[in-house]
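Tertiary structure, described
Next come the chains, spelled out residue by residue.
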Amino acid sequence: MYQFNDQFSKAAGQFADAAANVNRLALQNAEKAFGLHLAAVEENINAAFAFAGELIEVRDAEGLKAVWPKGIQVARANAERSIGAAQEAFAGTVKTNEAIGALAKSQFEQATSQVKAEVEKATKAASKAAK
């Protein structure tokens, strides 16, 4: 009875450690993704306000024609920055998921080896008792 309790306690402890590691990895990934998006939004806002400052100074149609291409460039750069941040966050999420998968795989392998060891031990004990 005590052996079962010890095995259960050990397995529960290993599960808790693995769950803590998974949570740590997930939180680090979320923090990094949030930071990437926040930096992109900050740069986009700064570029938009800089363009708005130039746009306010326009007084006639000729000035608007001169500023218009820069506005399109600012919008394009903002879109590229946002897409780049999303791609980088996605790549980080894929790597995090791979790390979580590797952690789960190692947990399953460790549990399997422990079960095999217990089965071998029980088989040896049963064969000795049968003799």
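Our subject in this report is the structure included herewith. (Residues numbered from 1 in each chain as written. Predicted model: local features only at pLDDT ≥ 70, side-chain atom pairs only at ≥ 80, totals over all residues. Heavy atoms only, no water.)

Observations concerning the overall build of the protein chain
Applicable threshold: Helix and strand definitions here come from DSSP, where helices need a minimum of 4 consecutive H or I residues and strands a minimum of 2 consecutive E residues; each element is numbered from the N-terminal end. Restricting the calculation to C-alpha atoms gives the radius of gyration, and the globule rule supplies 2.2 Å times the number of residues raised to the power 0.38. Relative accessibility decides the category of a residue: with a 1.4 Å probe and only protein chains considered, values under 20% of the type maximum give buried, values over 50% give exposed, and everything between is partly exposed. Whether two residues are in contact is decided by their heavy atoms: any pair within 4.5 Å suffices. Shrake-Rupley sampling with a 1.4 Å probe provides the accessible areas, and residues are treated as covered by the protein chains on show and by no other component.
From N to C terminus, the protein chain includes two helices and zero strands. What you see for the protein chain is a C-alpha radius of gyration of 29 Å, clearly larger than the 14 Å of a compact globule of 131 residues, by over 25%. Each of the 131 residues in the protein chain was classed as buried or not, and the buried ones make up 15%. Restricting to contacts in the protein chain with at least 6 residues of sequence separation, those with at least 24 account for 81%. Surface summary for the protein chain: the accessible area is close to 10100 Å², and the carbon and sulfur share equals 65%.

Some thoughts on the side chain of Gln-14
In this structure, Gln-14 sits in helix α1 (residues 2-56). If we skip the residues at most four places from it in the chain, Gln-14 touches Gln-107, Gln-110 and Gln-114.

Thoughts on the nonpolar core
The nonpolar side chains of a soluble globular protein tend to be buried, and buried together. As a reminder, the rule being used: For the purposes of this section, nonpolar cores are sets of buried Ala, Val, Leu, Ile, Met, Phe, Trp, Tyr and Cys residues that join through side-chain atoms within 4.5 Å.
Ala-33, Leu-36, Ala-40, Ala-85 and Ala-89 together form the largest nonpolar core, which totals five residues. Of all the secondary-structure elements, those providing two or more residues to this core are α1 and α2 (61-130). Counting residues per element, this core draws most heavily on α1, which supplies three residues. In this view, Leu-36 contacts Ala-85, Glu-88 and Ala-89; residues no more than four positions away in its chain are not counted.

Considering the layout of surface pockets
How we decide: A 1.4 Å probe that fits but cannot get out identifies a cavity on a 1 Å grid over protein atoms alone, an open set with protein on both sides within 12 Å along at least five of seven lines counts as a pocket, and a residue lines either if it has an atom within 4 Å of a point. Grid points are joined across faces, edges and corners, and a volume is the space filled by probe spheres set on the points.
In this structure, the largest pocket occupies an estimated 410 Å³ of space. Only α1 and α2 provide two or more residues apiece to the lining of the largest pocket. By residue number, the principal contributor to the lining of the largest pocket is α2, which donates nine residues.

Remarks on the pattern of salt bridges
If the charged atoms of two oppositely charged side chains come close together, the side chains can form a pair. Put simply, the test is: By definition, a salt bridge exists where a carboxyl oxygen of Asp or Glu is found within 4 Å of a side-chain nitrogen of Lys or Arg.
By the definition in use, this model includes five salt bridges. As a salt-bridge pair, Glu-62 and Lys-65 come within 3.8 Å of each other at their nearest N and O atoms. With Glu-62 and Lys-65 both in helix α2, this residue pair falls three residues apart, about one helical turn. For the pair Glu-62 and Lys-65, one class covers both residues: exposed.

What to know about the environment of Phe-108
Relative to the elements of secondary structure, Phe-108 occurs in helix α2. Using a relative accessible area of 62% as the deciding quantity, one classes Phe-108 as exposed. Sequence-wise, Phe-108 and Asn-23 are 85 residues apart; in three dimensions their C-alpha atoms are separated by 18 Å.

Concerning the side chain of Asn-78
Residue position: Asn-78 is located in helix α2. For Asn-78, the contacting residues outside a window of four places in its chain are Asn-44 and Ala-47.

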